[in-house]
Amino acid sequence: MSAPASRLGSPRLLLALAAVAVAFAAADTYVVVLALPDMMAGAGVSVEQLQKAAPIISGFLLGYVAMLPLIGRIADLRGRTPVLVAALVVFALGSLVTAAAYDLPSMVTGRFLQGVGGGGLVPATLALVADLYPAERRGVPLGLVSAVQEVGSVLGPLLGALVLAVADWRAIFLLNLAVGLVLAAAIRALGRDGASPPGRRGMPDLVGMLLALVALAAGGLVFVRPSQLLRDLTWGEMFVPYVGDGRWLTPVGLVAIVAALLLLVRCATARRPLVDLRGWWRSARDADLTGALLLAVALGGVILAFATADPKVQVFSDQGLWYLVGAAVGAAAFVVHVRRSDAPIVPAGALRRTPAWGAVLVSFFVGAALIAALIDIPLFARTTIHRDSQLMAALVLLRFLVALPVGAVVGGWLTRRVGAGVITAVGMALAALGFALMTQWGVDSLEHLTSDLTLVVCGFGFGLALAPVNAAVLASTDDDVHGVASAMVVVARMVGMLVGISALTALGLRRYYDHLEDNPLPSAREVCGDRTRCQEYSDLIAAAGIPQEHAVFAGAAVAAVLAGLLALVVFRGAATRAVSPVEALRTGV
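Reading guide: rules and limits
Residues numbered from 1 in each chain as written. Predicted model: local features only at pLDDT ≥ 70, side-chain atom pairs only at ≥ 80, totals over all residues. Heavy atoms only, no water. Helix = DSSP H or I, 4+ residues; strand = E, 2+ residues; numbered from the N terminus. Buried < 20%, exposed > 50% of the residue type's maximum accessible area, 1.4 Å probe, protein only. Contact = heavy atoms within 4.5 Å. Phe/Tyr/Trp six-rings, centres within 6.5 Å; stacked < 30°, edge-to-face > 60°. Lys NZ or Arg CZ within 6 Å of the ring centre and 35° of its normal. Salt bridge = Lys/Arg side-chain N within 4 Å of Asp/Glu carboxyl O.

Here V122 is to be found in helix α6 (residues 104-132). By relative accessible area, V122 is classed as buried at 2%. Note: C-alpha distance between V122 and Q149 (27 residues apart in sequence) is 8.4 Å. Excluding its chain neighbours within four sequence positions, the residues that come into contact with V122 are V22, Y64, Q149 and V490.

Looking now at the packing of aromatic side chains. This model, assessed by the stated rule, comprises 11 aromatic pairs. With a centroid separation of 6.3 Å and an interplanar angle of 20°, the aromatic rings of F435 and F553 are classed as stacked. In this pair, F435 sits in helix α18 (residues 420-438) while F553 sits in helix α22 (residues 535-570), placing the two residues 118 residues apart along the sequence. Judged by centre distance (6.1 Å) and plane angle (80°), the ring pair of W441 and F553 falls under edge-to-face. In this pair, W441 sits in the loop between α18 and α19 (449-475) while F553 sits in helix α22, placing the two residues 112 residues apart along the sequence. The same class applies to W441 and to F553, which are both buried. Here a set of aromatic residues connected by ring pairs shows up, and it is made of F380, F400, F435, W441, F462 and F553. Here the basic side chain of R247 rests over the ring of Y102, its NZ or CZ set 3.8 Å away from the ring centre.

Although it is not a glycine, R225 sits at a positive phi angle of roughly 50°. Tracing the chain through its elements places R225 in the loop between α9 (206-224) and α10 (227-231). In this model, D288 sits at a positive phi of 75°, which is unusual for a non-glycine residue. Here D288 shows up in the loop between α12 (277-286) and α13 (289-307).

Now for the pattern of salt bridges. Where charged atoms of side chains with opposite charge meet at close range, the side chains can pair. Tallying each qualifying case throughout the model produces seven salt bridges. Across the salt bridge formed by D205 and R266, the nearest N and O atoms sit 2.9 Å from each other. In this pair, D205 sits in the loop between α8 (170-190) and α9 while R266 sits in helix α11 (residues 251-269), placing the two residues 61 residues apart along the sequence. Judged by its relative accessible area of 6%, D205 falls in the buried class. The exposure class of R266 is partly exposed, given its relative accessible area of 30%. Look at the salt bridges and you will find they share partners, linking R73, D76, R80 and D131 into a network.

Dropping the structure here:
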């Protein structure tokens, strides 16, 4: 269990650094949006084979979501700061592997490691808030953490665009590497929470450091393969495979593999290892590694079913049914395991209170509604007023983003005075109102001030709802399960986003085809004469796509209303408010 706030050095600065790390990792979820064609070329995949690049995105999501419960539980057992540092190191390692990737498997491996590290930051940071603040004072910091996470997700494409304007796609991940290592060092220096394993002070493990350097250097050569060395008669032999054509079957590849294996043995046996593998293995076992793997199978099946689909033509992928069958089997095995285990990953009764399990359910519908804003507002802008600029279309969402963190802080502040259910319901009502107004948008609506107001209202509404949901689950669970409880809320929102975008897109496509059936498009020659394309025909195509977006916005409004109504019901018993002296005497609190 994590140490109390009194034993932390500069706790608020530590929380600020953790929040920055969460935002930066969240940005990596969608940072590949603009860089994906270049990344595909770097992995040897042509643009015409876009479906083969799906694992670059789904690999990150799989790592981000599937490992969250395990990492959250380890944060409960081992401490918040060690998990934050370890997550950042894994994120940095994944960034390094992605930046140096030479084929699709190596790129997907790097993205998966980035997802594991980035996802691990979220529950540890939310649980850190619970360690630092009493229940009635958590609202504002929870709002800030929630806001930077969501803002980071949307700023990812903008960050990618800025880097791509001055460098190639690999620079994006080298920047991640640098930021991850700097934040890890800063958090480790600040987070003296007493949760680190004993006996770690003294001389560093020089043998382990040497093996790590050899493994990194040799592995780097395998990835990069400098042309100067390849052309050299002597050094070039180090890159000639013993068997087949695999890079890792070359002399330099085998050096990297042997050094890495020796490093693992050293870390598992040394008295003061470079990485305390024994301690982390014990923590993983204590956190119920078996249960975590079963839950990962269940979550992974759902993620792959929806994340690998082409949303233009299907709700889930061609193999989606089999993924869902695997998810169902994993979920059933997980339930059986939890019932039989003495110490399951989600301890018995951890989410027994209504606000606790209710927060997971509310978070699912919040995610289902939120994804419509993150994806379809820029898509609407690209369809109508910014047809030639994906960047300008993405910038339209900044109006939404400006209001979201403001709403998050206001929502956090209000949790000290108003019930979490009321705040969440009001926030989601505002979001639903914003979506309802979007269903009235036309081709030129984004050029008018009223659309700005609509985006602000919608963003402010989502911001209001973020902190109360997290505050409710933390106030309704015990201190020693805050990490895994926070992880379950985040998992629910991510799964809600994946399921939501697939379901809403399917709804929008049905509306699109119905519209075309009732209002068939003329041919380009009928509108443009001798020209193959003209402005009038582009306007007709844009107008034909608007009903599809209207249907998505209407579906998102329904999801927002469901989230608000559920919050009113399930958050009634959440003790998130500060109790006045008079009320305390009256209720006996």
